[in-house]
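Residue-level structural notes
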Amino acid sequence: AAYNNAYLLDKEGKSAFDLSSERGTIQRIEPELSRRSTVCTGVRFTIGMEFNADKRLIVTEQEGATWLPNGNPFDELLEIRPGLHYGFPPRHPKHLPQVFDEPSLFDYGPQHQSACGMIFNLPLQAGGPIFGPASWRGDAIVCGESRGKLYRTTLVKDQKGEYVAGNQLIGCLNMLTVDCSLTPRGDLLVACHSGGPDWGTGPSGIGKIFLVRYDQPALPQPTAVWAAGPQEVRVAFDRPLDPQHLRGLAAKSKITYGEFVAAGDRFETIRPGYAITQLQQSKPRYKLPIFAASITPDRQTLILTTAPHPAAVNYALTLPGLGRESSANAPGEFPQQPQIDLAYSLAGVRATWEPRDKSQTGWSGWLPHLDLTIARALAPSDAETARLWQVIEQAGTLTLETQIDPRGLFLPVVQPASQLDYDPRDDQWVKEATIELSGKGFEPKSLKVERQSSAPLPIALRLETGGGPLSVRPTWSAKLADGRVRSGTLALSRFLLPWAARDKTDSTNPAPRTIPELAGANWGRGRQLFLSDEAGCAKCHATDASGNRIGPDLSNLIHRDYASVLRDITQPSFAINPDFITYVGALRDGRVLTGALRSEGEQLLFGDKEGKVTTVPRSEVEELKPSSLSIMPDGIPAKLGPEKTKDLLAFLLTAPPLMPKDGPLPAPPPRAPAEVAAILAGSHALASLPRPLHVLLVAGKKDHGPGEHDYPAWLAAWSQLLPAATGVTVSTAMEWPTPEQITAADTIVFYQKGIWNAERAKAIDAHLAKGGGLVYLHWAVEGGAAAPEFAQRIGLASNAAQIKFRHGPLDLDFSNASQHPISRNFGRVHFHDESYWLLPGDPTRIRVLASGMEQGEARPLFWTSEPRTSEPGRGRVFVSILGHYSWTFDDPLFRILMLRGIAWSAGESVDRFNELTTLGVTLAK
C-alpha cells in the first residue's frame, strides 16, 4: 500500500498494516471469475510468475531493503505455497509479530538486480526444441532488469521434494532486461527497456526486442566451476576441448575476487543509482594469481593451480575463447564475446571415500551440497565425480565435511549501513532454531543454532558405504512461540568448504560512509536550501517530514550514490520514478494541464513544477498522455552554483548530524514523542525572516574515553545542525577563537576542558559588555585555581581540586524555574549523565533552572547569569553541567535546553530553534 511505509506507521509509530489485506499477496481467481482468494502474503513485487513442469508456482520477487532495513536485501526466486509469508513487510516484533519470513530458493546478487520476467525453458510443443544445450531443459531463465542480466536457474528436488537452486549468469546486455520468451524454434526473445538504470524512462521509453540464438552447439560448453582445493580451481565442459585452444591458457586467464565480484562485471554498463550499489563498487577487488593450467585426460576438465583462496567471498574466472571467435556477423547480428566468464565461490562440501579394501583406490573431491540427492543432480559431470557414485557402492567410509552458514536464517539480514529499530537478539518469536541432519548410514544429528551468533557450524559426517543406498538430508527448523514449526532444506550458499575462512570485513558492519565530493559541505545549510524558494525542492518533494508530496519523497536518497543524485537534479528527465510520471491532460473546457498525476476517487490531481495542485473530475478529461519529460526544472546545480549544490546534496545524501554512538554503555531509552511535544507546547510563532544570528562554537581536545567528552565530534555535529535553522551562521574554533571571531559572534558556546586566565577574561568581558551571549557546557566550567575569577562571569565555576562529581542517573527538578523561558514546561526530568557540585562562586548571582540532589542537598545543574561589567551593556550566560556523555546531546529534552539556552543568551526567542529539536533523533515508538 505504501512502498516507503510498508507497515503503514502513523505519526505515533502505530502500524495499520493488515495481514488480511490483498495488498502484498498473490491471489487465486476462480476460473468462472466468481471469487478470488489469498494464496500467500508478504510478496512485494512479483514480476515473473510461472508454473514449472511439476505444476508448482515459482515467482521472481524484488528486494525491499531500500525501504526497510530487513526487507529482503536481495532479489529472490520463490516457490509459492499457500498460507505462507514471504518477508515483505518482514516480521517485526511490534508491527507484524505473528509471521515467519520464508527463505527464498535463490538470492540474486549483488543487491539490486531487479529480478523481472521469467520463463521455464520447456518446448512450446511436445518434442520441440528448447533454448541452449539439453542440460538446460526445464531451467528458469530470469531477467535481471536493472543491470541488464540474464540468469539460468536450475531447480532440483531432494528426497522430500524440496527444491534447491543452482544459478549461472548467461548474458549481459546494455539495456534493461524486462522479460523473455521462447520461440517455436527454441530461440530466446528478450524484451528490453531504454533509459537510465533502475527506473528507466517510463511509458515513453523506446524498447527493443532481441533474439538470442544458440547457434554453435558443437563448441564445448562449461557445465560447472568449483574450488577443488585451497589452491585449485576446476572447470568441467560437456565435450572435449580442442588442445590448440589451450596454449598459454594460464597467462590468458584471470581470477578476480571480492565481496561484490560477479562474472562478466566488465560488461556491466548500467547500474541502479543506490548508495549500496556505490558501496559495492567502492569495495576492493583483488586478483588471484594463476600459476599453471592443465586438463584431464578426457580433455573435459580444466585444472587451474592458483595462489591460496583467502576468504569465502565471490570469485570470477575469465577464460579465453576456447573455440569461440569474434567474427563479422550478418547485418543486425551481434557476435558472441569470445571469452568465457564464470562465477564460483568457496561453497560446497569436501568428500573423501576410503575403501575397506586397501588395495582399492580412494576418492576425494568436491560436492555442491550435503544432501547426496541434490549433490548428484548438481555435481560436475566430469569423469572423476562420476567415479564417486560408483565407488560408494563398495565397502568403505565416506566422510563429508563442511561448514553451515546460519546467517539470515533465524535473524533478519540487514542492508549495509542500515539499522533495525529493535534488537533482534531480544526477539523471542523463534523459540528454538536447529539444523537437523537425518538420513541413512549415520546417526541423526540436531545442532542448536544460537540466534545471536553468526559463526559457521562445522559438520563432519562419516557414512559406512557398501551396505545399500545412502542418504543425507540437512534441514533447518524453527520452533515458533505460537507452537508452529517451520522447516526447509538448505540452499547451496549455506555450505562453506571446511578450509574456507569467512571474510573478516563483514558487510553487516561496514565502515562509515564517506562521500569525497561533499567534503566541506554543510548539512544544515543544505536543509535550508531544500526548504527555500531558491532551490524550490520543497514545493514538490518531502524529506524529514518537511515539504510537499507532488514528487517522490526524497527521504530515501541517503541510500543513493552521489553521482546518480547529481545526475537526477541536473537531468531530471533521465530517470523518472514511475509513481510520479508527468502526464499531459486535455480538458473539455480547452485547458491543458501538465504535471505529476495522482487520483482520489473520481478526481484527478495534477501537480505542477510550482507546487500547485489542480483538481479536476475524471469525466472532464478528454485525453491523457504520458510525457517523457519530468516536471522538475533542468539546471538546478547551475542556478545554485557549486558550493550551494554541495550543501543541498549533503542534506539529501547524508543523515542528520548526530553524536557518535561509540560508548561502552548502552544509551538511555528514547523519549516518547508526547514528552517532547509537552515541553514544546506554547511555542511562539517566529517572524518569517528572523534577524541574522552568528553562533560561535568552541571545542577542545578530547580528554575522556569513547562516548565521553567528545568535544571534536560535538563541534562537527552542531556546526552542521545549527545552520538548519533560518538565518543562522556558525563559525568554529578549537581551544580558543580569534579576536575577529569573538567580535562577529552574537553568542559563544564552549564545550571543552575549561581554562581561565587574564587574556580570556579580557576577551569575555568585552564580549559581555557589548551584550554578547555565552553558553558553557559541562567541563567548560573548569577554571582551576582561577575558578573564583571565572565564577564572577558565569556564576559558578569549577576547581577540579575541590569539587565532587558523580556519573549515573540524575533526577532534575525544574519546578522553581518553570516561568523562565529556557525551562518553560519542564518539571522533573530524568537524565543519565554526570553532576558536579561544591563549585566556587556566589549562588546569589545565578538563577537556578534545575537542581539535582547530591549528598542530601539540591545542587545547581542548569543556571543562567546576567553579569554586569565595567563596560556599557549587559550579556547573558547559560550554563549546563550535564554533557559528559555523547548520548546526552541527542536527547531531545537536553537539545531543547541547549537550543533555548543558545537563543536566550543571544537575546532571541527561545523558540527560534524548535525545528532542530528532533532532527535525526530516535523517539520511542
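As the structure is a prediction and not an experimental result, all values here were calculated from the model. (Residues numbered from 1 in each chain as written. Predicted model: local features only at pLDDT ≥ 70, side-chain atom pairs only at ≥ 80, totals over all residues. Heavy atoms only, no water.)

With that settled, the discussion passes to the confidence of the model for the chain. Looking at the chain, pLDDT values average 92 and 97% of them are 70 or higher. Across residues 505-511 the pLDDT falls below 50, and counting only partners more than four positions away or on other chains, this stretch makes six contacts in the model. pLDDT under 50 marks residues 869-873. Its contacts with residues more than four places away, or in other chains, come to eight contacts. (pLDDT = per-residue confidence, 0-100. Contact = heavy atoms within 4.5 Å.)

So, about the packing of helix α10 (residues 711-721) against helix α14 (residues 892-905). α14 packs onto α10 with a crossing angle of 70 degrees between their chain directions and a minimal axis gap of 14 Å. For the element pair α10 / α14, the angle class is roughly perpendicular. The two elements α10 and α14 cross, and the hand of that crossing is right-handed. Of the residues in α14, those in contact with Trp-714, Trp-718 and Leu-721 of α10 are Arg-895, Met-898, Leu-899 and Ile-902. Taken together, the residues of the contact of α10 with α14 sort by class into six nonpolar, no polar and one charged. (Axes fitted to C-alpha atoms, helices over the stretch in contact; angles between N-to-C directions. Helix = DSSP H or I, 4+ residues; strand = E, 2+ residues; numbered from the N terminus. Parallel < 35°, antiparallel > 145°, perpendicular 65-115°, else oblique. Left-handed = near helix turned anticlockwise from the far one by under 90°. Nonpolar A, V, L, I, M, F, W, Y, C, P; charged D, E, K, R; others polar.)

Turning our attention to unusual backbone geometry. Residue Pro-89 follows Phe-88 across a cis peptide bond; omega there is -5 degrees. Its location among the elements puts Pro-89 in the loop between β5 (75-79) and β6 (106-108). At Arg-299, a residue that is not glycine, the phi angle is positive and equals roughly 60 degrees. Within the element layout of this structure, Arg-299 appears in the loop between β18 (290-295) and β19 (301-306).

Which parts of space are left empty comes out when a probe the size of a water molecule is rolled across the atoms. Roughly 1700 Å³ of volume is contained in the second largest pocket. Taken together, 41 residues make up the lining of the second largest pocket; nearest its centre are Val-212, Phe-334, Pro-335, Gln-336 and Gln-337. Broken down by secondary-structure element, the contributors of at least two residues to the lining of the second largest pocket are β10 (163-172), β13 (208-212) and β21 (340-344). The class makeup of the residues in the lining of the second largest pocket is 21 nonpolar, 13 polar and seven charged. (1 Å grid on protein atoms, 1.4 Å probe; cavity = no way out; pocket = protein on both sides within 12 Å on 5 of 7 lines; lining within 4 Å. Points joined across faces, edges and corners; volume = space filled by probe spheres on them.)

A word on empty space enclosed by the protein. Throughout the structure, instances matching the rule amount to two cavities of 30 Å³ or more. If you add up the space inside the largest cavity, you get close to 60 Å³. Residue lining of the largest cavity: Trp-736, Phe-750, Gln-752, Gly-754, Ile-755, Trp-756, Arg-760, Ile-764, Tyr-776, Ala-780 and Phe-790, and that is the complete set. Broken down by class, the residue content of the lining of the largest cavity amounts to eight nonpolar, two polar and one charged. Approximately 40 Å³ is the volume attributed to the second largest cavity. In this structure, the second largest cavity is lined by Ile-550, Phe-580, Ala-596, Leu-597, Arg-598, Leu-605, Phe-606 and Gly-607. Of the residues assigned to the lining of the second largest cavity, the class counts are six nonpolar, one polar and one charged.

This paragraph deals with the nonpolar core. Trp-714, Trp-718, Tyr-776, Phe-862 and Phe-913 are the most contacted members of the largest nonpolar core, which totals 105 residues. The biggest single contributor to this core is α14, with nine residues. Setting aside anything within four residues of it in sequence, one finds Trp-714 in contact with Met-659, Leu-697, Val-698, Ala-699, Ser-719, Val-749, Tyr-751, Leu-777, Phe-889 and Met-898. Core analysis: the second largest hydrophobic core is formed by 37 residues, Phe-410, Leu-437, Leu-490 and Phe-495 among them. (Core = buried A, V, L, I, M, F, W, Y, C linked by side-chain atoms within 4.5 Å. Buried < 20%, exposed > 50% of the residue type's maximum accessible area, 1.4 Å probe, protein only.)

As a further point, take the pairing of strand β42 (residues 804-813). Pairing geometry for β42 and strand β43 (residues 828-837), over ten bridges, is antiparallel. In the strand pairing of β43, Asp-811 is matched with His-830. Bridge count between β42 and strand β44 (residues 847-854): two bridges; the pairing is antiparallel. Across the sheet, the residue bridging to Asp-813 is Ser-851, located in β44. (Pairing = 2+ DSSP bridges.)

Right, let's talk about the sheet that holds strand β17 (residues 286-288) for a bit. With antiparallel pairing, the four strands of this open sheet are ordered in space as β17-β16-β20-β21. Whereas interior strands pair on both sides, the edge strands pair on one side only; in this sheet they are β17 and β21. When strand polarity is set aside, the average angle formed by the axes of neighbouring strands in this sheet is 30 degrees. As paired strands, strand β16 (residues 254-258) and strand β20 (residues 314-319) are joined by five bridges and run antiparallel to one another. Each residue of the ladder has a partner; that of Tyr-257, found in β20, is Tyr-315.

The subject of this paragraph is the packing of helix α6 (residues 562-570) against helix α8 (residues 642-653). Interhelical geometry of α6 versus α8 gives an angle of 120 degrees and a closest axis separation of 11 Å. Compared by their axis directions, α6 and α8 come out oblique. Crossing of α6 against α8: the hand is right-handed. Where α6 approaches α8, its residues Tyr-562, Val-565, Leu-566 and Ile-569 are matched on the opposing element by Thr-645, Leu-649 and Leu-653. Residues that form the contact of α6 with α8 fall into these classes: six nonpolar, one polar and no charged.

Here the focus is the environment of Ala-228. By the secondary structure assignment, Ala-228 is in strand β14 (residues 222-229). A sequence separation of 122 residues divides Ala-228 from Arg-350, and the C-alpha atoms of the two residues are 8.5 Å apart. Excluding anything up to four places from it in sequence, Ala-228 contacts Val-233 and Arg-234.

On to the side chain of Thr-318, then. On the secondary structure map, Thr-318 appears in strand β20. Only 3.0 Å separates the side chain of Thr-318 from the side chain of Asp-341, close enough to count as a polar contact. The residues contacting Thr-318, other than those within four sequence positions of it, are Lys-252, Ser-253, Lys-254, Arg-266, Gln-339, Ile-340 and Asp-341. (Polar contact = N/O pair within 3.5 Å; in protein donor to acceptor, adjacent residues only side chain to side chain.)

Scanning the model with the defined rule gives 48 salt bridges in all. For Arg-567, the salt bridge goes to Asp-568, with nearest N and O atoms at 2.8 Å. Ionic pairing is found between Asp-746 and Arg-691, a salt bridge with its closest N-O pair at 3.7 Å. Taken together, the positions of Asp-746 in the loop between α11 (739-744) and β40 (747-751) and Arg-691 in the loop between α9 (673-680) and β38 (693-699) put the pair 55 residues apart, joining distant regions of the chain. Given a relative accessible area of 22%, Asp-746 falls into the partly exposed group. Among the residues examined, Arg-691 registers a relative accessible area of 37% and is labelled partly exposed. When salt bridges with common partners are traced through the structure, they connect Arg-56, Glu-79, Arg-81 and Glu-162 into a single cluster. (Salt bridge = Lys/Arg side-chain N within 4 Å of Asp/Glu carboxyl O.)

What follows is about the sheet that holds β43. Remark on secondary structure: sheet strands pair via backbone hydrogen bonds, oriented parallel or antiparallel. Here we have nine strands laid out as an open sheet, ordered β39-β38-β40-β41-β46-β45-β44-β42-β43, and mixed in their pairing. The open sheet is flanked by β39 (728-734) and β43, the only strands paired with a single partner. Averaged over all adjacent pairs, the angle separating strand axes in this sheet is 25 degrees, with direction ignored. Where β38 lies against β39, seven bridges are found, and the strand directions are parallel. Note on β39: the bridge partner recorded for Leu-693 is Val-728. Packing against the sheet, α10 makes contact with β38, β39, β40 and β41 (773-777), and its axis sits at approximately 160 degrees to β38. Set on the sheet, helix α12 (residues 758-769) makes contact with β40, β41 and β46 (876-880); between it and β41 the angle comes to about 130 degrees.

The end-to-end C-alpha distance of α8, which contains twelve residues, comes to 16 Å, matching closely the 16 Å that a straight helix rising 1.5 Å per residue would cover. Within α8, nine of the twelve residues are buried, leaving the element largely enclosed by the surrounding structure. All of the buried residues in α8 are Thr-645, Lys-646, Asp-647, Leu-648, Leu-649, Ala-650, Phe-651, Leu-652 and Leu-653. Structurally, α8 contributes buried residues whose contacts are with α5 (523-531), β31 (542-543), α6 and α7 (636-640). (Expected span 1.5 Å × (residues − 1).)

Tallied over the entire structure, the rule returns 27 aromatic pairs. Seen in terms of ring centroids, Trp-226 and Trp-366 are 5.7 Å apart; in terms of plane orientation they differ by 15 degrees. Their pairing is stacked. Linking Trp-226 in strand β14 with Trp-366 in strand β23 (residues 363-367), this pair joins segments that are 140 residues apart in sequence. On the accessibility criterion, Trp-226 (3% relative accessible area) is buried. The exposure class of Trp-366 is buried, given its relative accessible area of 13%. Ring plane angle 10 degrees and centroid distance 4.5 Å describe the contact between Trp-756 and Phe-790, whose orientation is recorded as stacked. Within this pair, whereas Trp-756 is found in the loop between β40 and α12, its partner Phe-790 is found in helix α13 (residues 787-794), the two being separated by 34 residues in sequence. (Phe/Tyr/Trp six-rings, centres within 6.5 Å; stacked < 30°, edge-to-face > 60°.)

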